[in-house]
Number of protein chains: 2
Amino acid sequence: MLSLTLQRIPAVTTSLFCKCSSKVLQRHCSRMLSKKTRVSEALASKETGSHVRIQGWVRSVRPQKDNLFLHVNDGSSLQPLQVVASSHLNTRDLTFGCAVDITGTLEKSPNKKQNVELKAQRIEVVGECNPVDFPFKIKERHSLEYTRQFPHLRCRTNAFSSLLRIRSEATAAIQSFFRESGFVQIHTPVLTSNDCEGAGELFQVQPAGDKKDSDDPNPHFFSVPAYLTVSGQLHLEVMAGAFSAVYTFGPTFRAENSQSRRHLAEFYMVEAEIAFTDSLDDLMKVMENLFKATTEHVLSHCAEDVELFHKYMAPGHRDQVDLMLKRKFDVISYTEAIEILKSSSQNFTFSTEWGCDLHTEHEKFLVKHCGNVPVFVINYPYELKPFYARDNQDQPKHTAAAVDLLVPGVGELCGGSLREERIEVLSQRLAQAGLKDTYEWYLQLREFGSVPHGGFGMGFERYLLCILGLHNIKDVIPFARFSHSCLL
Amino acid sequence: MLSLTLQRIPAVTTSLFCKCSSKVLQRHCSRMLSKKTRVSEALASKETGSHVRIQGWVRSVRPQKDNLFLHVNDGSSLQPLQVVASSHLNTRDLTFGCAVDITGTLEKSPNKKQNVELKAQRIEVVGECNPVDFPFKIKERHSLEYTRQFPHLRCRTNAFSSLLRIRSEATAAIQSFFRESGFVQIHTPVLTSNDCEGAGELFQVQPAGDKKDSDDPNPHFFSVPAYLTVSGQLHLEVMAGAFSAVYTFGPTFRAENSQSRRHLAEFYMVEAEIAFTDSLDDLMKVMENLFKATTEHVLSHCAEDVELFHKYMAPGHRDQVDLMLKRKFDVISYTEAIEILKSSSQNFTFSTEWGCDLHTEHEKFLVKHCGNVPVFVINYPYELKPFYARDNQDQPKHTAAAVDLLVPGVGELCGGSLREERIEVLSQRLAQAGLKDTYEWYLQLREFGSVPHGGFGMGFERYLLCILGLHNIKDVIPFARFSHSCLL
C-alpha cells in the first residue's frame, strides 16, 4: 500500500530565502504560532480548545448585535466552518467571496448541524471581493447553465466544487482498482500518426505559424501527418503483449461539429486491454467490477458531495444508483436487442433493421426494457465494427465479438471487443480495407507470440453523468472544449 | 484508503454468450480446472503442490535429455518462472518469444535463485514466434538504442518492461502523495486558447482535412486558434482559488525542433498549485517531499526492476540515489549561483553574467559544486521570468520569487514561482506586455478573493532519468514523439 505524507521530511532550510524577504517572513512567523488547519480537519475535530488557523473564502456573513457569524470554505469539504467573532472584528471588506485568514479556538458548537465552531480572535481579509461585480450572489442558487459562463470562477460554487472533488476521487478509485488487479498503467500518446479506425473527425497538429512550403520535401514536423488520439487501444495492444493486463486513463479527442449534451472535443477515457482471453465474458466482468467498485468508493468517500446532486439536482437518483450496484448487469445479444426494438410499440427515428447501428434512442429503450439496470449488448454485425474486432465467423448473421455497455440516462458508457489475433484473418481484412501498409506494425504483433486478447474503453464524463444523474457533459469536466468553444 | 478488488463481485452471466461460441467455451472450461496464476504470484507462493495455470511468453528454452527447462514471463515481474517438463512435451514451435499456456504443479525449486518452479503437465503454444524474424535474440543483451527501433516490440525486453513497471508505480506514488496531502487532482485541458507565457514552440490544432476558406468569417473549429498546452499552471491557478491545494499530472507539448537527449514534443508533467502561501519555502518543501516520497516508494515497490538499471546500466547510481534521499536539498540564490560560476575555473559556452539564463552546463556545475545533491536556485532576475512570477520589488538587483530545482545528471527537474497576486502589479505587467485583453480572466482571479499563492512543475521523464541513472529521455516514455518521429 502507498503511504506517503507531506509532513514526514524535515523542512528545507530557509536561511537564504529569508534575507530577501524578511518582512514577509516575520509576518509569516507570527502567524505560524497557530497551526494551519484545513476546514475538513476542523469539522472532524473531536478536540475542542485547540488554537488553530483557518484560511479560505467567506460563503456567508451574518452580523448580529454582539456577534458576527461567518461561514468559511477552503475547498476541502462541501460543508463550511462556522466562525463566531465579536462584532468589533467586522469590517467593510468582509463580504461574500473574500479570502480570509482567521486564528481562533475550536469550540463545541451549540448548533446541531456541526460538531465544532471557530471562536475567532483575529480575522484578516487577505483578498477582497466586490459583491456587485462577483457573478455569484450570496444565498442565491445559480443554475449549472449560468455558472458555465464563468469557467474561471465556477469552481467557487458549491455544485462545481463538489463535482471536482468527486471527479478527483473517482480518478483515484479507478487507478486503484486497476493497480490492485495487477494492471500496469501505460501513458498512451496523445500525438499519433495512426488515424485509428479511419474514424474521420480527427484533429491534426502542426507547429503554430507553420507555413506549408511546397519546396520543402518534408513539410511535416514529425515527417508524417500527426493527429490527436481518438483511442489508446492500439498502443495498449502493444503493451498487453508484454504485461498481460494494462490500462490507460487520459484525454482523447474528436473533432465533432456537435453541440450535443453528450459530446466534447476533449474528453477522458479509461481503456483496458487484457491478454489471454478468448471470451467477452472476461471483459464484461472487468467492466462491471470497475463500474461497481468505483461507484462504491465514490459513494463512501464523497457522501456529502454526491448527496448534493442526488438531493437538489436529480431527486430519486440515489435509488437508481443503488439498484445498479445491487443488480447483476444484464447481457443480451445484438440480435436479441433488434428483436426487442422491432417488437416494441415505440416509433424510433432510426432504423431497427438487423445490421443497423444502435442509436441513443434505441440504447435508452433497451435499458428501460431491461428494468433500468445496465445492460451489455454483445456480438454486433461484423460489418459495423472496425478492422480489429474479432470475427465470430458465424452465419447466416455474420457477427464480431464486440460488446457495448448501456446504462440508464446516458446510453452507451463502454465499448469493447475481442481483437482479431489470427494473423491471416487480420491480414486479409486490412488488405480489403487498403490499410495493410499503414498497420504493418500492428500485424507484426500477431507474428511474434500472438495471444487471444481484448479490451474496452469507458467514457469517464459519461460515467460521472450516470452516477450523479446529471444531463450535460459540460457540467462534469473542469474546462469544456467543444465546437466554437475553447475558453481559457 | 482504497480497497477494491477484481474478484469481489460475482461473475456475469454467460448464458447468452455461450450459445454463440460453444466450442471456444468448452475449451475454456476444461482449462479453467486449473486456477490462472500470474508469474509474480507463483514466485511469491509459499504453498507447493498447488495446481496452477500460467500464461505468458517464453524467455528461454533449454532442452536436456530427459527434461525440458523453460523460463516464462508474463510481465508481472522481471524474474521469470522456471518451468520443468518431461522432454516429450517439447515441440518445434516452443521457441524464444512464443506465447504459452501451461498447467502444472508448483514445487519447491532445487535452484537457490527461486523459491518454486512449475512442473508442467501440459504446454500449449498459443502463438508462435519465428526466432529468425523476431528482432530480439535469446541470451543477447540489446542496447537501448537498438530496442528504440522497435516501438511496438521493445516492451518485450527486460529493460523496457522494467522501466514501464517503474513508471506505472511512480505514477501511483505521485498521485498518492498528493491525495494524502489533501490536494484535489484536476484534469487540466490539453486544448487551450492561451499561448501561455508567449513561449513560442506551440502546436496548433485544427480538424484534419480542414481547408481554410477566406470567405468563412469563422475559420476556426473553436472560433479561436487552439493550441496544445505547454503547462496546466494557469488552469491550476483557477482551481487553487477554490480548493487551496490542487495538482495535475498529464501530457504537455513543445514544438521544439530538437533531437536532444533531454527534450520530447510530448512529455509528462506533474504540476501543483498552492494557495495561501507567501514563501518559496513552502513550495520547496513540497518539491523535496514529492521527490523523496516518490523515490522511496519506487525503491521499495520496484526493487528488482530498479536494480536492473543500477546494476547493468548505471553502476554506482544507487549510492547517488541514497545520497539524494538522505541529504537535505541545498538552497542558493541566483545571485550566489552566478558568483559560484564566475569564480570557477571552468570555461562555459554561455555567459555567466548576472541577468543571463542558466544553461545545462551551469546547472550541472552547480549541482557538482554543492556535492552532487539536488539544489534549489531561488530569486531569478525579474526580466528572465514570465508575467505571472511574483515581483520581489528589490533593488538594485531586481528579482522575481521563482525557483528551479537542479538535480545530478539531469540539470533542471522542477521550476516554480510565487504568482503575482496583487492586481495592480499584475495589471501593469500585462499591460506592458500587451497581454491585458488576452488574460482578462486571469486578472479577474485577482479581483475576487485573491490570495498569495504559488506552484511548480516537475518533468516526469526527467525524474525517471534522475533516479535510474539513464541519459536519454526516449528510453523512459512508452512512445517517444520528437521532431521527425511519431512512430505508431
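Keep in mind the model is a prediction, meaning the values are calculated, not measured.

1. Overview of unusual backbone geometry
Note: most residues except glycine have negative phi, and most peptide bonds are trans. Backbone torsion omega between A:Gln395 and A:Pro396 reads 0°, so that peptide bond is classified as cis. The backbone phi angle of A:Asn372 is positive, close to 60°, even though this residue is not glycine. Checked against the element boundaries, A:Asn372 lands in the loop between helix H11 (360-369) and strand E14 (375-381). Look at A:Asn372 and you get partly exposed, because its relative accessible area is 28%. You will see that B:Asn379, though not glycine, has its phi angle at about 60°, which is positive. Topologically, B:Asn379 is positioned in strand E14 (residues 375-381).

2. Quick word on the confidence of the model for chain A
Fine structural detail should not be taken from predicted coordinates in areas where pLDDT scores are low. Residues and elements named next belong to chain A. For chain A, per-residue confidence averages 91 on the pLDDT scale, and residues scoring 70 or more make up 90% of the total. In the predicted structure, residues 1-32 sits below a pLDDT of 50 and forms 64 contacts with residues beyond four places in sequence or in another chain. Interface confidence for the predicted complex, given as ipTM, is 0.92, next to a pTM of 0.93.

3. Details of the relation of the copies chain A and chain B
Under the fitted operation, chain A is carried onto chain B by 0.0 Å of movement along the axis and a turn of 180°, and the coordinates agree to an RMSD of 0.0 Å. Both copies of the chain, as the preceding transformation shows, are related through a two-fold rotation axis. Proximity to the rotation axis, assessed at the C-alpha, singles out A:Val205 in chain A; its C-alpha lies 2.4 Å from the axis. Looking at the interface residues of chain A, 99% of them are also at the interface in chain B, so both copies use one shared face.

4. So, the pattern of salt bridges
Residue and element names in this part refer to chain A. Summed over all chains, the structure comprises 38 salt bridges over all chains. A salt bridge links Arg167 to Glu461; its shortest N-O distance comes to 2.9 Å. Of the two residues, Arg167 is situated in helix H5 (residues 158-180) and Glu461 in helix H14 (residues 460-468); the sequence distance between them amounts to 294 residues. Residues Arg167 and Glu461 agree in their burial class; the two are buried. When salt bridges with common partners are traced through the structure, they connect Arg53, Asp101, Arg122 and Glu124 into a single cluster.

5. A look at a negative patch on the surface
Taken together, the side chains of A:Asp133, B:Asp437, B:Glu440 and B:Glu447 define an acidic patch exposed on the protein surface. Here B:Asp437 is to be found in the loop between helix H12 (423-432) and helix H13 (440-445). Judged by relative accessible area, which is 71%, B:Asp437 ranks as exposed.

6. Structural notes on the interface of chain A and chain B
Taken residue by residue, the interface counts 150 residues in chain A and 151 residues in chain B. Both sides together, the interface formed by chain A and chain B hides about 12500 Å², and carbon and sulfur atoms give 63% of it. Residue B:Glu169 pairs with A:Arg179 through a salt bridge whose shortest N-O separation is 2.9 Å. Considering every element that reaches the side of chain A that touches chain B, the biggest residue donor is H5(A), with 14 residues. Pairing analysis gives five bridges linking strand E9 (residues 203-207) of chain A to strand E9 (residues 203-207) of chain B, with the strands arranged antiparallel. Bridged to A:Gln204 within E9(B) is B:Gln206.

Conventions and cut-offs
- Residues numbered from 1 in each chain as written.
- Chains lettered and ligands numbered in written order.
- Predicted model: local features only at pLDDT ≥ 70, side-chain atom pairs only at ≥ 80, totals over all residues.
- Heavy atoms only, no water.
- Helix = DSSP H or I, 4+ residues; strand = E, 2+ residues; numbered from the N terminus.
- Buried < 20%, exposed > 50% of the residue type's maximum accessible area, 1.4 Å probe, protein only.
- pLDDT = per-residue confidence, 0-100.
- Contact = heavy atoms within 4.5 Å.
- Least-squares fit on C-alpha atoms with pLDDT ≥ 70 in both.
- Salt bridge = Lys/Arg side-chain N within 4 Å of Asp/Glu carboxyl O.
- Patch = residues over 30% accessible without salt bridge, like charges linked within 9 Å, V, L, I, M, F, W, Y side chains within 5 Å.
- Areas by Shrake-Rupley, 256 points an atom, 1.4 Å probe, with all protein chains shown as cover.
- Lys, Arg positive; Asp, Glu negative; His and termini not counted.
- Charge placed at Lys NZ, Arg CZ, Asp CG, Glu CD.
- Buried area = accessible area lost by both parts, 1.4 Å probe.
- Pairing = 2+ DSSP bridges.

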